[in-house]
Amino acid sequence: ITVYISPRKTSTHPSTSPPSTMAKPKKFLNDPSNAVDEFIAGLLLQYPNHLRKLANHHVLLHSSFATQQKSNHPNAKSVSLLSGGGSGHEPSHAGFIGRNMLSGAILGGIFASPSVSSILAAIRAVTLPTSQGGKGCLLIVKNYTGDRLNFGMACELANAEGLGVKMVVVADDCALERKKGITGARGVAGTVLVHKAAGGAAGEGMDLDAVVGVAEAVAEGVGSMGVALGAVTIPGAEEVNDRLADTNEEGENMMEIGLGIHGEAGLRQCSLMSCNEIAEEMLKAVQNYGREVDSQIVPLYEAGDELLVLVNNLGGTSNFEMSLLARSLVSQLEKEAGCKATRVLVGSFMTSFDMQGASVSILPLTGKPKDALSLIDADTDAPGWANVDAWTNGAIRPSGTEIDEVLGIASIESGTGTASLPPVLIDNFVDVARTILASSCKALIKAEPLLTKYDTIVGDGDCGITMERGAKEISQRLESGTLRLDHPSQLFADLADAVSASMGGTSGILLELMFRKASTSLLSSTDAEGITSSDMAEAFRSGVEAVSFYGGAQEGSRTMLDALVPASTVLLSGK
């Protein structure tokens, strides 16, 4: 989450700024009325062996239900799980179809509950009659009136047909008062944890009542809270949804605390907070909302609790920002609340199209949810789920211990002597090198104004200053005696260090590459007798080739290579 700290001005209403002309939303879209059909078609292209569509309905099933033989029907071995709701929350729910998760998903229209007929058709497709050995079916439903009514009606109709169906409602949103409205808390991203736990229970062969028990334990234990920097605009809308204004009357950036996955109003709108402040707000709301234990409301988590933390991307937040928010949330849970977040899941689990926002779902792994932990950890091939990388042992996370840096080879970099280096067969090399370096540095420093002038005309004007910095650094090291002049391989390495420490920019890194390549080439290709002038010319050629290879330019590209390549050619010719 982008970090801006400004005075908080709380508001329960959008900005009263004068209305502006709204631009038409931009979406990857054909005909909005066919969007769900095209979405399903796209999923089937991505998962040709994993998914199958149920004829005549917006229903996706696991491919194992394509069997025509009742003896091989998956429901003869384990309880089937179905979930669904309005489209626009992907990967929920079709992305969670897989082993140890959902058997299928029913897709409604955009933000609209699926029909009773489609839900019933899905139940029939994944459930055998109990008289024929069917293990039953569990419907996992988010707490919205349309979903509760339509899934509930289908459940009753299926039971009348002898299919053995039960339903669990998930109401994990902690943004609103428990008794607010008719239905109470909304069902949001915590629903995915119910999918996972119940799916794991079904995968272990538990009967329907036991699977229901696992689902209810997780549903009752998890609490969620969302925030957003902008409202959601659905595909096909004529105007961008501006319910959450970008700025308030004072020009401050705005955000909303506690809004729903359909863009419903939350607790309040306020000035944009820092990432740490946002995490504090989310955790305070979840903790204060609490959970019900023995008919009493208790804090959701307490010091010493082991937690599963799911940080959910609401669709339009970058992965980079998601990691920042996850760090803020987990740091506060562990350092301030005294908990241990042993499972941290970050990603897109239940979105709201491209809403720029995020939510956190916290499941304390105590009591009944603790018993479901192995079920949540169970492997799955559901494409929307990332298998949990759990921290199970030790006082600190293994990832909190850094791997020691491996230092460079001392023979060249630390200058402990030249005994292991090829001998230098060039007369008076130390004196010649000192003279050439001193005169070259002096010439570059003197040429700074001219180089700057030329580069101001054809470039960004920093060439002269950059070259001057490098020349002054080399000259200073030459005078202080820190350049190792007695061996060319060490000298080239020292020149590379001097350039790296002083020049910067593209020219700096290219010249550093040239000197380093020249240094290593003298060690790898020199005749056993020692280093000659010809070897020096070859080393220079290798350095120039490195500039071309890593920089991507060639002679004639109007770069430093237009000078370096001819110089290398002359040196190699011996003239």
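Source: prediction; values computed, not measured.

Definitions and cut-offs
- Residues numbered from 1 in each chain as written.
- Predicted model: local features only at pLDDT ≥ 70, side-chain atom pairs only at ≥ 80, totals over all residues.
- Heavy atoms only, no water.
- Helix = DSSP H or I, 4+ residues; strand = E, 2+ residues; numbered from the N terminus.
- Buried < 20%, exposed > 50% of the residue type's maximum accessible area, 1.4 Å probe, protein only.
- Areas by Shrake-Rupley, 256 points an atom, 1.4 Å probe, with all protein chains shown as cover.
- Lys, Arg positive; Asp, Glu negative; His and termini not counted.
- Charge placed at Lys NZ, Arg CZ, Asp CG, Glu CD.
- Axes fitted to C-alpha atoms, helices over the stretch in contact; angles between N-to-C directions.
- Parallel < 35°, antiparallel > 145°, perpendicular 65-115°, else oblique.
- Left-handed = near helix turned anticlockwise from the far one by under 90°.
- Contact = heavy atoms within 4.5 Å.
- Nonpolar A, V, L, I, M, F, W, Y, C, P; charged D, E, K, R; others polar.
- Pairing = 2+ DSSP bridges.

Chemist: What exactly am I supposed to notice about the overall build of the protein chain here?
Modeler: Within the protein chain, the regular secondary structure consists of 17 helices and 14 strands. Based on the C-alpha atoms only, the size of the protein chain along its principal axes is roughly 100 × 65 × 50 Å. Looking at the protein chain as a whole, 48% of its 575 residues are labelled buried. Carbon and sulfur atoms provide 53% of the accessible area of the protein chain, an area that totals close to 27,700 Å². One finds the centroid of the 44 positive side-chain charges in the protein chain at a distance of 4 Å from the centroid of its 65 negative side-chain charges.

Chemist: How should the packing of helix α11 (residues 429-446) against helix α14 (residues 488-502) be read in this particular structure?
Modeler: The description of two packed helices rests on the angle between their axes and on the distance between the axes. Relative to each other, α11 and α14 sit at 25°, their axes nearing to 12 Å. Judged by the angle between their axes, α11 and α14 are roughly parallel. Regarding α11 and α14, the two cross each other, and that crossing is right-handed. Where α11 approaches α14, its residues F429, A433 and L437 are matched on the opposing element by P488, L491 and L495. A breakdown of the residues in the contact of α11 with α14 according to their chemical character gives 6 nonpolar, no polar and no charged.

Chemist: What exactly am I supposed to notice about the pairing of strand β12 (residues 306-313) here?
Modeler: Along any regular strand, the residues point their side chains to alternate faces of the sheet. Counting buried positions over the 8 residues of β12 gives 8, a clear majority of the element. Along β12, one buried face is formed by E306, L308, L310 and N312 and the opposite face, lined by L307, V309, V311 and N313, is buried too. Note: β12 against strand β13 (residues 340-347), 7 bridges, orientation parallel. Note on β13: the bridge partner recorded for L310 is L345.

Chemist: Could you clarify how one ought to interpret the pairing of strand β14 (residues 357-364) in this entry?
Modeler: Most of β14 is tucked away, with 8 of its 8 residues classed as buried. Pairing between strand β7 (residues 223-228) and β14: 6 bridges, direction antiparallel. Opposite V227, over in β14, you have A358 as the bridge partner. Here 7 bridges tie β12 to β14, and the two strands are oriented antiparallel to one another. Considered in β14, the bridge of L310 is made with S361.

The analysis is restricted to geometry; functional conclusions fall outside its scope.
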